[in-house]
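# Summary of structural features
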Amino acid sequence: MKLKTQELIWLNPSTPYSKEYADRYYSEGNPEDECKHVYLTANGLPDRWIRPSERRFIVAELGFGFGLNFILSAALHTELKIQNHLHYIAFEKSPPSKEHAFKFFSNFPKLQTFSDIYLEKIPKLIRGCHRIQFSENVTLDLHYGDVRHEISDLYTERLKISAWFVDGFAPKNNPSIWSDFVCRKISQLSGHGTTLSSYSAAGSFRRNLIFNGF
């Protein structure tokens with residue numbers, strides 16, 4: 001099944017706005033610093049990579065969007081020459097077009113080495129899991145489709161997420177990502193020491209996470 005791409009308005013060169021979800025992808029300002037603060041730093045990265053407790057560190061992201069969180073994670077992991085494997089699992093229902101992705105990443109020349117690899121390998125807009133071997137030590141599994149369906153296919157007995165990036169649009173505009181079912185799956189796929197961060201501070205989401213063990 002082929003997916004539709006996002007219809008976008010550009011508030012400025014680095015701030016795309018989704019017409020479908022009536023919400024912006026990033027705050028107007030510095031998307032790179034925002035993502036580092038909200039997702040990498042809040043989850044204790046890269047300190048948890050430098051002192052690894054496991055050979056494979058798994059990040060799961062709900063709402064992959066343009067992939068900036070992934071690019072920042074892959075760049076940092078590579079630049080620090082981390083030995084444990086970074087396995088990045090991401091979910092996206094309505095990806096931006098390849099043309100829009102090129103336009104967005106043109107604003108981040110310092111990330112070009114890494115964004116060019118992703119843009120070269122960006123998958124076709126077909127529902128399902130697309131594996132991209134980003135480098136020897138970094139693997140991206142990009143799931144296209146409704147998160148409620150795609151996350152159901154992950155096997156809890158073989159997989160424990162180390163850190164969650166919950167990066168969907170506002171809960172009132174994109175309720176599927178913040179649903180009770182997804183919160184239960186987040187809990188089932190987590191273990192001792194798993195962390196989670198999100199730009200959203202919605203009370204219903206916080207209560208759902210607490211109810212499910214966070």
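First, a word on what this report is: a plain description of the structure on this page.

So, how was this worked out
Residues numbered from 1 in each chain as written. Predicted model: local features only at pLDDT ≥ 70, side-chain atom pairs only at ≥ 80, totals over all residues. Heavy atoms only, no water. Pairing = 2+ DSSP bridges. Helix = DSSP H or I, 4+ residues; strand = E, 2+ residues; numbered from the N terminus. Phe/Tyr/Trp six-rings, centres within 6.5 Å; stacked < 30°, edge-to-face > 60°. Buried < 20%, exposed > 50% of the residue type's maximum accessible area, 1.4 Å probe, protein only. 1 Å grid on protein atoms, 1.4 Å probe; cavity = no way out; pocket = protein on both sides within 12 Å on 5 of 7 lines; lining within 4 Å. Points joined across faces, edges and corners; volume = space filled by probe spheres on them. Nonpolar A, V, L, I, M, F, W, Y, C, P; charged D, E, K, R; others polar.

### Description of the sheet that holds strand E1 (residues 8-12)
- The three strands lie next to each other as E1-E2-E3, forming an open sheet whose pairing is antiparallel. Across the chains shown, the open sheet's two edge strands, defined by having one partner strand only, are E1 and strand E3 (23-24).
- As defined by bridge partners, strand E2 (residues 15-18) adjoins E3 across two bridges and the pair is classed as antiparallel. Bridging from a neighbouring strand, tyrosine 17 pairs with arginine 24 of E3.

### Examining the packing of aromatic side chains
- The final tally for this structure, using the stated rule, is 16 aromatic pairs.
- Ring geometry for phenylalanine 104 against phenylalanine 108: centres 5.1 Å apart, planes inclined by 55°, an arrangement best described as tilted. Comparing phenylalanine 104 with phenylalanine 108, the two get one shared label, buried.

### Some remarks on empty space enclosed by the protein
- Overall, the coordinates contain one cavity of 30 Å³ or more when judged by the stated rule.
- As a volume, the largest cavity reaches approximately 40 Å³.
- What lines the largest cavity is Phe64, Gly65, Pro95, Pro96, Ala101, Tyr118, Ile122, Leu142 and Tyr144.
- Of the residues in the lining of the largest cavity, the class split is eight nonpolar, one polar and no charged.

### Description of the layout of surface pockets
- Taken as a whole, the largest pocket holds about 470 Å³ of empty space.
- As for the largest pocket, its lining consists of 33 residues, of which Arg24, Asp167, Gly168, Phe169 and Ala170 are closest to the centre.
- When residues of the lining of the largest pocket are traced back to their parent elements, those giving at least two are E3, helix H1 (31-41) and strand E5 (85-92).
- Per-element tally for the lining of the largest pocket: the top contributor is H1, with three residues.

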